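What the coordinates show
One letter stands for each residue in the lines below.
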Amino acid sequence: MEHAQRGVADRSPLYWAFRRRHRPTVDLSQGWGSNSQWRTGFRLDYRTPAGDHLNVTGNSPIDGSTALHADHPANLGHEERLLTSGERRELLRHRCLLRAPEAADALAGSPSWEQDLMPFDWRLPNSED
């Protein structure tokens with residue numbers, strides 16, 4: 001089993017969080033004005049005997065749409081495609097990355113990739129719930 005890496009798990013941005021002391025956060029309500037927190041939808045996660053259902057209101061498949069070309073703007077973004085399927089699932093489950101991505105060198109070319117990443121609509125396929 002792989003474990004969390006110090007320096008990644010404790011310092012990577014925490015998604016779906018407006019503010020966290022000593023840690024960067026990324027939330028849809030940031031930068032939209034004083035009432036934006038109240039107009040931003042909640043992330044809904046459910047734990048059932050059948051398994052965890054993460055971000056159930058998300059409307060984008062976590063691995064992109066098979067009906068669209070990989071480069072289509074409505075499909076996964078460039079940074080999202082550089083993350084492996086497992087890394088995207090880790091980010092959805094823990095709201096942050098626990099280990100350095102395999103494509104860390106390619107992602108380093110875009111210094112704001114963590115802020116540009118948009119996992120907020122991701123959902124797992126029903127078979128993985």
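In case you missed it, the structure is sitting above this.
As a starting point, this report considers the structure included with it. (Residues numbered from 1 in each chain as written. Predicted model: local features only at pLDDT ≥ 70, side-chain atom pairs only at ≥ 80, totals over all residues. Heavy atoms only, no water.)

What follows covers helix α3 (residues 85-94). Buried within α3 we find Glu87, Arg88, Arg89, Glu90, Leu91 and Leu92. Where α3 is buried, its residues meet β1 (14-15), α2 (78-82) and β6 (122-123). A positive backbone phi angle near 65° is found at Arg95, which sits one or two residues after α3. (Buried < 20%, exposed > 50% of the residue type's maximum accessible area, 1.4 Å probe, protein only. Helix = DSSP H or I, 4+ residues; strand = E, 2+ residues; numbered from the N terminus. Contact = heavy atoms within 4.5 Å.)

For the rest of this paragraph, the subject is the pattern of salt bridges. Inspection of the entire model under this criterion finds six salt bridges. With a shortest N-O distance of 3.0 Å, Arg93 and Asp52 are connected by a salt bridge. Highlighted residues: Arg93 in helix α3 and Asp52 in strand β4 (residues 51-53), separated in sequence by 41 residues. On the basis of relative accessibility, which here comes to 42%, the residue Arg93 falls in the partly exposed class. Of the residues examined, Asp52 reaches a relative accessible area of 17% and is grouped as buried. Between Arg99 and Glu90 there is a salt bridge; the shortest N-O distance is 2.4 Å. (Salt bridge = Lys/Arg side-chain N within 4 Å of Asp/Glu carboxyl O.)

A positive phi angle, near 65°, is found at His22, a position not held by glycine. Structurally, His22 is set in the loop between β1 and β2 (25-26). Take His22: its relative accessible area is 74%, and that puts it in the exposed class. The backbone phi angle of Asn55 is positive, close to 50°, even though this residue is not glycine. By secondary structure assignment, the location of Asn55 is in the loop between β4 and β5 (60-61).

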